[in-house]
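# Overview (structure and organization)
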Amino acid sequence: MNRFTGKTVLVTGGNSGMGLVTAQAFAAEGARVVITGRDAATLASAEATLGAGAIALRNDAGSVASARELAKQLAEANVKLDAVFINAGIAKLAPFADITEALWDETFDINVKGAFFQIQSLVPVLNEGASIVLNGSINAHIGMPTSSVYAASKGALITFAKTLSAELLPRGVRVNVVSPGPVRTPLHEKLGLTDDTAGQLQAQIPLGRFGRSIEVAATVLHLAAPESAFIVGTEIIIDGGMSQL
């Protein structure tokens, strides 16, 4: 399919993991893709996989100034967006007793404040009828130990799908959210997901396996495409039944 031929999409945190897989899926369907990330090397590598016209921009997802600078760069380049995947985020887990103010602030700066002000800053460069998809998490729905701050940040993010949809509907802009369960990405390796831990986690998934990034990407593309024009302010959970059965 070529649902995004002639369209331009932005994937924040599109330089690795789920973000990169989603950016590649958009490019494969004809989109011109803009990706952001903090690491110059992975940005350059990712950009090379996305075809002619792809744009890779360094950006700090937790900074309001960076959010505004990104929108300014796009406006100056005369780039108008048809879809946005707000994917950049962090997951740092710790027992309740060990939570620090620094961990709280970093998590909410990147996952909540950064996402909110990135969307606010991008509104002037959105085409009418644009779609915004937020990357949530099933941690907002389950009581997983050590995830209190991360889960709270994703819960806040999920509410944006409703409130921001209501505010942006006059511009024809839809906001929805995908909430993945356990998906194999480099982020899980950074979290120290050992074989034993992975096995315990996998045993909680009714389908008996971890999700794949391409399965999340497929749902993001569906929500970004005209075929989902009647889906507004909705959360789609992608977790192999872990939080549902």
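Along each chain, residue indices are assigned from 1 in the same order as the chain's sequence is written. Owing to the predicted nature of the model, reporting of local features is limited to residues with pLDDT of at least 70; listing and counting of side-chain atom pairs is limited to 80 or more, with chain, interface and lining totals taken over all residues. Derived side-chain values reflect all non-hydrogen atoms in the structure, with water molecules and hydrogen atoms excluded from consideration.

With an unreviewed UniProt entry as reference, the protein is termed Short chain dehydrogenase, source organism Caballeronia telluris.

Interhelical geometry of helix 1 (residues 17-28) versus helix 8 (residues 213-224) gives an angle of 55 degrees and a closest axis separation of 9 Å. When the axes of helix 1 and helix 8 are compared, the pair comes out oblique. Crossing of helix 1 over helix 8 shows right-handed handedness. On helix 8, the residues touching G17, M18, V21, T22, A25 and F26 of helix 1 are S213, I214, V216, A217, V220, L221 and A224. When its residues are assigned to classes, the contact of helix 1 with helix 8 shows 10 nonpolar, 3 polar and no charged. Axis geometry follows a simple rule: fit a line to the C-alpha atoms, using only the stretch in contact for helices, then measure angles between N-to-C directions, giving values from 0 to 180 degrees. Here a helix means four or more residues in a row that DSSP labels H or I, a strand means two or more in a row labelled E, and each is numbered from the N terminus. Relative orientations are named as follows: roughly parallel for angles under 35 degrees, roughly antiparallel for angles over 145 degrees, roughly perpendicular for angles from 65 to 115 degrees, and oblique for any other angle. Handedness of a crossing is defined here by the sense of rotation of the near helix relative to the far one, left-handed for an anticlockwise turn of less than a right angle and right-handed for a clockwise turn. In what follows, a contact means two residues having at least one pair of non-hydrogen atoms within 4.5 Å. Lys, Arg, Asp and Glu make up the charged group, whereas Ala, Val, Leu, Ile, Met, Phe, Trp, Tyr, Cys and Pro make up the nonpolar group; the residues left over, Gly among them, are polar.

What follows is about the pattern of salt bridges. When a carboxyl oxygen of Asp or Glu lies within 4 Å of a side-chain nitrogen of Lys or Arg, that pair is called a salt bridge. Overall, the coordinates contain 6 salt bridges when judged by the stated rule. A salt bridge links E29 to R3; its shortest N-O distance comes to 2.8 Å. Here E29, found in the loop between helix 1 and strand 2 (32-37), pairs with R3, found in the segment before strand 1 (8-11); they are 26 residues apart in sequence, far enough to count as distant. With a shortest N-O distance of 2.7 Å, R209 and E215 are connected by a salt bridge. Look at R209 and you get partly exposed, because its relative accessible area is 31%. Each member of the salt-bridge network shares a partner with another, and the members are R3, E29 and E227. Here's how the labels work: a residue is buried when its accessible area is under 20% of the maximum for its type, exposed when over 50%, partly exposed in between, all with a 1.4 Å probe on protein chains only.

Turning our attention to the UniProt feature "domain: Ketoreductase" (unreviewed entry) in the protein. UniProt positions are given in the numbering used here, feature names are shortened, and annotations may be inferred rather than shown by experiment. When the UniProt feature table is mapped to this numbering, "domain: Ketoreductase" (unreviewed entry) covers residues 7-181. In the segment residues 7-181, helix accounts for 44% and strand for 21%; the C-alpha atoms at its two ends are 29 Å apart.

What follows is about the sheet that holds strand 2. The strands that make up a sheet pair up through hydrogen bonds in the backbone, lying either parallel or antiparallel. Strand pairing follows a simple DSSP-based rule, namely that at least 2 bridges must link the two strands. Spatially, the 7 strands line up as an open sheet ordered 3-2-1-4-5-6-7, and their pairing is parallel. If you trace the sheet from one side to the other, it starts and ends with strand 3 (55-58) and strand 7 (235-238), each paired once. Ignoring strand direction, the axes of neighbouring strands in this sheet form an average angle of 15 degrees. Pairing between strand 6 (residues 174-180) and strand 7: 4 bridges, direction parallel.

Centres within 6.5 Å make a pair out of two Phe, Tyr or Trp rings, where for Trp the six-membered ring is used; the pair is then stacked when the planes are under 30 degrees apart, edge-to-face when over 60, and tilted otherwise. Under the criterion given, the structure shown has 4 aromatic pairs. With a centroid separation of 5.0 Å and an interplanar angle of 80 degrees, the aromatic rings of F4 and F26 are classed as edge-to-face. With F4 in the segment before strand 1 and F26 in helix 1, this residue pair connects regions lying 22 residues apart in the sequence. A relative accessible area of 2% places F4 in the buried class. A network of ring pairs unites the aromatic residues F116, F117 and F160 as a single cluster.

What follows concerns the nonpolar core. Grouping buried Ala, Val, Leu, Ile, Met, Phe, Trp, Tyr and Cys residues that are joined through side-chain atoms within 4.5 Å yields what is termed a nonpolar core. Ranked by internal contacts, the top residues of the largest apolar core, which has 34 residues, are L74, L81, V84, L122, L126, I132 and L134. Of all the secondary-structure elements, those providing two or more residues to this core are strand 3, helix 3 (64-76), strand 4 (81-86), helix 4 (101-122), strand 5 (126-135), helix 5 (148-168) and strand 6. By residue number, the principal contributor to this core is helix 5, which donates 7 residues. When near neighbours in sequence (up to four residues on either side) are disregarded, L134 contacts F85, I86, I119, L157, F160, A161, V175, N176, V177 and V178. The next biggest cluster of nonpolar side chains, apart from the first, holds 28 residues, and it includes F26, A46, A54 and I238.

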